[in-house]
Amino acid sequence: MLSRRWSTSRGKQKRKTMDRRLWHKVAAVSGVAALGLGTYGSHGFKPQDPAYKQVWQTASLYHLVHTAALLAAPLTKHPTIFGGLLTTGILAFSGTCYTVAYLEDRKYGKLAPFGGFAFIGAWASLLF
């Protein structure tokens, strides 16, 4: 009986360690992408319509802020839900905004609201 508890406890500990490593790796990859895309947006992105520069800056800001929040995912009660929703939000919201700005065509912006809802869901998940 004692060994069964120990192995269950050990399995949970291993999962927590794996979750922590996973979310730190996701945050690292996202952070590298956020900084690279932000730098490109500031120094290399020259849209014909200057309004798209602001769209890129918005994507970059939300990308970077939510990447920083990903670092806290292992500390939450439900790290997979929080981290998964933040990652979905980054991809759907920021990714869509980057695409809209780069192509200078708002027809590619249909996924952005879903990304926004994913961000809201991630933050709301901290209530439970």
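Above this text you will find the structure in question.
Cut-off values and rules
- Residues numbered from 1 in each chain as written.
- Predicted model: local features only at pLDDT ≥ 70, side-chain atom pairs only at ≥ 80, totals over all residues.
- Heavy atoms only, no water.
- Helix = DSSP H or I, 4+ residues; strand = E, 2+ residues; numbered from the N terminus.
- Buried < 20%, exposed > 50% of the residue type's maximum accessible area, 1.4 Å probe, protein only.
- Axes fitted to C-alpha atoms, helices over the stretch in contact; angles between N-to-C directions.
- Parallel < 35°, antiparallel > 145°, perpendicular 65-115°, else oblique.
- Left-handed = near helix turned anticlockwise from the far one by under 90°.
- Contact = heavy atoms within 4.5 Å.
- Expected span 1.5 Å × (residues − 1).
- Arc of directions from axis to C-beta.
- Patch = residues over 30% accessible without salt bridge, like charges linked within 9 Å, V, L, I, M, F, W, Y side chains within 5 Å.
- Areas by Shrake-Rupley, 256 points an atom, 1.4 Å probe, with all protein chains shown as cover.
- Salt bridge = Lys/Arg side-chain N within 4 Å of Asp/Glu carboxyl O.
- Nonpolar A, V, L, I, M, F, W, Y, C, P; charged D, E, K, R; others polar.

**Observations regarding the environment of Ala124**
Topologically, Ala124 is positioned in helix H4 (residues 112–125). Taking relative accessible area as the criterion, Ala124 reaches 30% and is therefore assigned partly exposed. On a C-alpha basis, the gap between Ala124 and Phe82 in space is 8.8 Å, while along the polypeptide they are 42 residues apart.

**Observations regarding the packing of helix H2 (residues 51–70) against helix H3 (residues 79–103)**
Remark: H2 packs on H3, axes separated minimally by 8 Å, with the N-to-C direction vectors making an angle of 165°. On the basis of the axis angle, H2 is roughly antiparallel to H3. Helix-helix and strand crossings are classified by hand; for H2 and H3 the assignment is left-handed. Every residue of H3 that contacts H2 at Tyr52, Val55, Trp56, Thr58, Ala59, Ser60, Tyr62, His63, His66, Thr67, Ala69 and Leu70 is listed here: Phe82, Gly83, Leu86, Thr87, Ile90, Phe93, Ser94, Cys97, Tyr98, Val100, Ala101 and Tyr102.

**Quick notes on H4**
Relative to the 20 Å expected for 14 residues at 1.5 Å per residue, H4 spans 20 Å between its end C-alpha atoms, a close match to the ideal helical length. For H4, the complete set of buried residues consists of Ala112, Gly115, Ala118, Phe119, Ala122 and Ser125. When H4 is viewed along its axis, its buried side chains cluster within an angular range of 140° and face the same direction. The exposed residues of H4 that point more than 90 degrees off its buried face are Phe114, Phe117 and Ile120. Residues of H4 that are buried sit in contact with H2 and H3.

**A short note on unusual backbone geometry**
One non-glycine residue, Glu104, lies in positive phi territory at about 50°. Tracing the chain through its elements places Glu104 in the loop between H3 and H4.

**Comments concerning a nonpolar patch on the surface**
Judged by side-chain polarity, Tyr40, Tyr102, Leu103 and Tyr108 come together as a nonpolar surface patch covering roughly 420 Å² of accessible area. Looking at where Tyr40 falls in the secondary structure, it is placed in helix H1 (residues 2–43). Classification of Tyr40 by relative accessible area gives partly exposed; the value is 34%.

**Topic: the packing of H3 against H4**
Two elements in contact, H3 and H4, have axes whose closest approach is 7 Å; the angle formed by their N-to-C orientations is 155°. Here H3 is positioned roughly antiparallel relative to H4, judged by the angle of their axes. Relative to H4, the crossing made by H3 is left-handed. Taking contact as the criterion, the partners of Ile81, Phe82, Leu85, Leu86, Thr88, Gly89, Ile90, Ala92, Phe93 and Thr96 in H3 are, on H4, Ala112, Gly115, Gly116, Ala118, Phe119, Gly121, Ala122, Trp123 and Ser125. Looking at the contact of H3 with H4 residue by residue, the classes come out as 12 nonpolar, seven polar and no charged.

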